Amino acid sequence: MKSVKRIIVREEYCIGCRLCEIHCIVRHSKSGKIIKAFRSEKDAIVPAVTVEQKGYTSFALQCRHCDEAPCIEACMTGAMRRDGKTGAVLCDRDRCVGCWMCIMVCPAGAVRQGKCREAASKCDLCLDRDVPACVANCPNEALTLGGDA
Amino acid sequence: MSAAPYLIVGNSAAAVGCIEGIRSVDRERPVILLSREPYRVYSRPLVSYLLAGKITDERMFYRPPDFYERNGVEAILGVTAVSIVPSRKVVETADGRAFGFEKLLIATGGRPVIPGDVPGIDAPGVFTLTSWDDARAIKAHIAGNGAREALVVGGGLIGLKAVEALVAVGMKVTMVELSDRILSATFDRAASDLARETLERAGVAVRCGTTVARMEKRGGMLAGAELRDGSSVPCSLAIIAIGVLPDLSLVEGSGIRTDRGILVDDTLRTSAPDIYAAGDVAQAPAAEAIGGGRKCIPILPNAYRQGFVAGQNMAGRKRTYRGAMPMNAVDVLGLPTISVGLTDPPEGSEYEILSALDREAPWYKKLVLKGGRIVGAVFAGRIDRAGIITGLIRDRADISGFRDLLLSGDFGLISLPAEYRKHIVSGAGIEV
Ligand SMILES: Cc1cc2nc3c(=O)[nH]c(=O)nc-3n(C[C@H](O)[C@H](O)[C@H](O)COP(=O)(O)OP(=O)(O)OC[C@H]3O[C@@H](n4cnc5c(N)ncnc54)[C@H](O)[C@@H]3O)c2cc1C
């Protein structure tokens, strides 16, 4: 198995602008267009990256694609699985029934209830692109793409 | 007879964990798996979803069709193991075969408890709900005689799942629970009350403090139940869900040590060399947060993890198990809930409770603290980020620095010390 591409979180550089959240929504919208996505699809999409902020500290965090990922071990349907090619932890929404065992065990709090269907929502590393949307659109390199971990 | 390098009895979460554990160490040597149920590995918790009509048969499978092949497993399905002879390292099956092994995993799971003292309990129309076959039989029964009224005996997790499924198919459901509240094993009273109110709003009759005394038949079929309090409930379908116990039949007479379940050490090994046990059949070391010792905690994440650790040890990598923790995520007819660890501690000054409740919303959050650490938590209504708390319980993290933030609405990783946050953010090798 190839090691997973990892998104490195650099808290010192985060300015809390939340562009990562916005571009995550756009990338995972049907239209892929920011205006359309925000006019008609925004309420149906949960961003897979979350900015947390308190005082001067902020950082953006998405699924860590852990080794021996707790969410895969706790998933009762087998929907949460490791992608054989990339090593990413992915949720197969067609097999997810929304039991939320994954939310219960994710120590990063990086899995969310999806909005429109009973399926868990999490980062898919934008596997269809070279660079995930959150990384590509971070203006201050607070999210960068790490080599193989 | 040649001995299989790895032999697994059972074909569910613990068996899959074991296969994946073995294969993370040893890609080569073959695995033989024996299973009583004739199906390719399926998800047991999905049986209630199948009954509810929320999923189809094709979606029952826990792993893809090529799972065994890809992992070098010869799966022999529809065969029951009947005895183990540890001294000869052999497992015998009901059809008269014998399988030698170098390393064995016992992952035979649990079996539903049927009360012995209820007349009429063998009536057609009385079922349990723990297997694919059970769900099919109940569906056929409902379709066959148009059952409209159902009784669910037992207010635990499986009883709740049964109620939910029967409500989904439009039945009028009564749930009876002997103790004074439902879900008492995993919830505290406030969460039990919320769950009960949610069920009642959906039209379910919840009767606590009583249980079934006898089943009544008419024309040979189930027609109703008489409860201990003297009242009666008309029903042409009953599901018995008063608990699941480790299925120890295979190890009886083998000399392998048992208590409630098969006793295993922190490598998941039984009292016999080269024989391991995992999942609902095992009584394994329990997490310190719930007092340690060895306990039977029949939930899927524990079964998988125990199987995985057993598999690695069987394949020669020394790995210790961190201890089982009770935890569950249950959707109560649209009310999402999560419970972890010790949720309802005994009275006493040792424990401190932090809680917030909004009956209207409804939502509820409760944390149980002991000696500066979190040892248990309940969430209902709002569950996002509950896993951060599970992680803190697991890691026995000192919470004194951020105790006051634990209940706040925007509690997150940012509330935690930078050190701990870094450990989580690195993401490597985190254990359930
Ligand atoms: C309705 C329902 C809902 C549930 N919901 C949840 C939930 O939401 N969350 C959760 O964490 N857990 C849930 N559980 C519990 C979960 O299903 C179990 O913890 C888990 O399946 C245990 O896995 P296991 O591998 O130990 O054994 P089991 O799943 O019990 O499987 C045992 C296997 O052994 C085989 N076997 C048994 N005896 C023999 C023999 N003598 N010879 C050969 N093969 C044999 C059986 O055919 C089966 O394949 C639920 C259970 C039920 C019934």
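Throughout what follows, the structure given in this document is the object of discussion. Every value quoted in this text rests on a predicted model; they were computed, and no experiment measured them.

### Remarks on the overall build of chain B
When its secondary structure is counted, chain B shows nine helices and 25 strands. A compact globule built from 432 residues should have a C-alpha radius of gyration of about 22 Å, and chain B, at 23 Å, falls within 12% of that. Taking the principal axes of the C-alpha coordinates as reference, chain B spans close to 65 × 60 × 40 Å. Residues counted as buried form 57% of the 432 residues belonging to chain B.

### A short note on the overall build of chain A
Counting its secondary structure elements, chain A contains five helices and eight strands. Helices and strands appear in chain A in the N-to-C order β-α-α-β-β-α-β-β-α-β-β-α-β. Scaling as 2.2 N^0.38, a compact globule of 149 residues should have a C-alpha radius of gyration of about 15 Å, and chain A matches this with 15 Å. Seen through its principal axes, chain A has C-alpha atoms that stretch 40 × 35 × 30 Å. Residues classed as buried in chain A amount to 56% of the 149 residues present. Partitioning the contacts of chain A with sequence separation of at least 6, the portion at a separation of at least 24 is 59%. Distance between charge centres in chain A, computed from 23 positive and 18 negative side chains, equals 5 Å.

### Let's talk about the site of the ligand
Close to the ligand lie 34 residues, the nearest being Ser-12, Arg-44, Ala-81, Asp-280 and Leu-300 of chain B. Neighbouring residues of the ligand are not confined to one chain but are distributed across chains A and B. Within the contact set of the ligand, an oxygen atom lies 3.1 Å away from a backbone nitrogen or oxygen of Asn-11 of chain B. In the environment of the ligand, a nitrogen atom lies 2.8 Å from a nitrogen or oxygen atom belonging to the backbone of Ala-81 of chain B. Mapped onto the shell around the ligand, the elements with two or more residues apiece are helix 1 (13-23), strand 2 (31-35), helix 5 (157-168) and helix 7 (300-314) of chain B. Considering each element in turn, the shell around the ligand owes the most residues, three residues, to helix 7 of chain B. Classifying every residue of the shell around the ligand by side-chain character gives 19 nonpolar, eleven polar and four charged. Mapped onto the domain boundaries, the shell around the ligand takes at least three residues apiece from domain 1 (3-46 + 61-111 + 245-314) and domain 2 (126-242) of chain B.

### A word on the interface of chain A and chain B
Taken together, the 38 residues of chain A in the interface contact 47 residues of chain B. Interface area, chain A with chain B, both sides summed: about 3600 Å², of which 58% is carbon and sulfur. Broken down residue by residue, the surface that chain A buries against chain B is led by Glu-73, Met-76 and Met-104 of chain A, which jointly contribute 20%. Among the ionic pairs, Arg-385 of chain B bridges to Glu-52 of chain A, the shortest N-O distance being 2.6 Å. Inspection of the region where chain A meets chain B yields 17 residue pairs in polar contact (both at pLDDT 80 or more). Among the elements of the structure, strand 1 (5-9), strand 2 (50-54), strand 3 (57-61), helix 3 (70-74), helix 4 (101-105) and strand 6 (112-113) of chain A are those that each provide at least two residues to the side of chain A that touches chain B.

### What to know about the pattern of salt bridges
Inspection of every chain in the model, using the stated rule, returns 33 salt bridges over all chains. We note a salt bridge from Arg-196 of chain B to Glu-200 of chain B, for which the minimum N-O separation is 3.0 Å. With Arg-196 of chain B and Glu-200 of chain B both in helix 6 (residues 189-201) and four residues apart, the pair spans about one turn of that helix. Glu-200 of chain B sits in the partly exposed class, given a relative accessible area of 36%. Through salt bridges with shared partners, a single ionic network connects Glu-68 and Glu-73 of chain A together with Arg-305 and Arg-319 of chain B.

### Side note on the side chain of Thr-50 of chain A
Residue and element names in this part refer to chain A. One can find Thr-50 in strand 2. On the basis of relative accessibility, which here comes to 18%, the residue Thr-50 falls in the buried class. In this structure the side chain of Thr-50 is engaged in a polar contact, spanning 3.1 Å, whose partner is the side chain of Arg-112. Once residues within four sequence positions are removed from consideration, Thr-50 is found in contact with Glu-21, Phe-59, Ala-60, Leu-61 and Arg-112.

Quick notes on the rules
Residue positions are given per chain, counting from 1 as you read along its sequence in written order. Each chain is given a letter, starting from A, and each ligand a number, starting from 1, according to the order in which they appear as written. In view of the model being predicted, local features appear only for residues whose pLDDT reaches at least 70, and side-chain atom pairs are presented and counted only at 80 or more, with totals across whole chains, interfaces and linings using the full set of residues. Side-chain measures here rest on the full set of heavy atoms in the structure, leaving out hydrogens and waters. Secondary structure counts use DSSP, requiring at least four H or I residues in a row for a helix and at least two E residues in a row for a strand, with both numbered from the N terminus. The atom set for the radius of gyration is the C-alpha atoms, and the globule formula is 2.2 Å times the number of residues raised to the power 0.38. The buried label goes to any residue with under 20% of its type's maximum accessible area, the exposed label to any with over 50%, and the partly exposed label to all in between, with areas taken from a 1.4 Å probe on protein chains only. By definition in these notes, contact holds between two residues if any of their heavy atoms fall within 4.5 Å. The convention is simple: Lys and Arg are positive, Asp and Glu are negative, and His and the chain ends are not counted. Charged side chains are reduced to one point each, which is NZ for Lys, CZ for Arg, CG for Asp and CD for Glu. Here a residue is near a molecule or strand as soon as one of its heavy atoms is found within 4 Å of it. Any N or O atom pair separated by 3.5 Å or less is treated as a polar contact, with the protein-specific requirement of one donor-capable and one acceptor-capable atom, and with residues adjacent in sequence counted only for side-chain atom pairs. Gly counts as polar in this scheme, as do all residues outside two lists: the nonpolar Ala, Val, Leu, Ile, Met, Phe, Trp, Tyr, Cys and Pro, and the charged Asp, Glu, Lys and Arg. Note that domain bounds follow an automatic or database assignment of domains. As used here, buried area is the combined drop in accessible area, with a 1.4 Å probe, of two parts when they are placed together. For this document, the term salt bridge refers to a Lys or Arg side-chain nitrogen within 4 Å of an Asp or Glu carboxyl oxygen.

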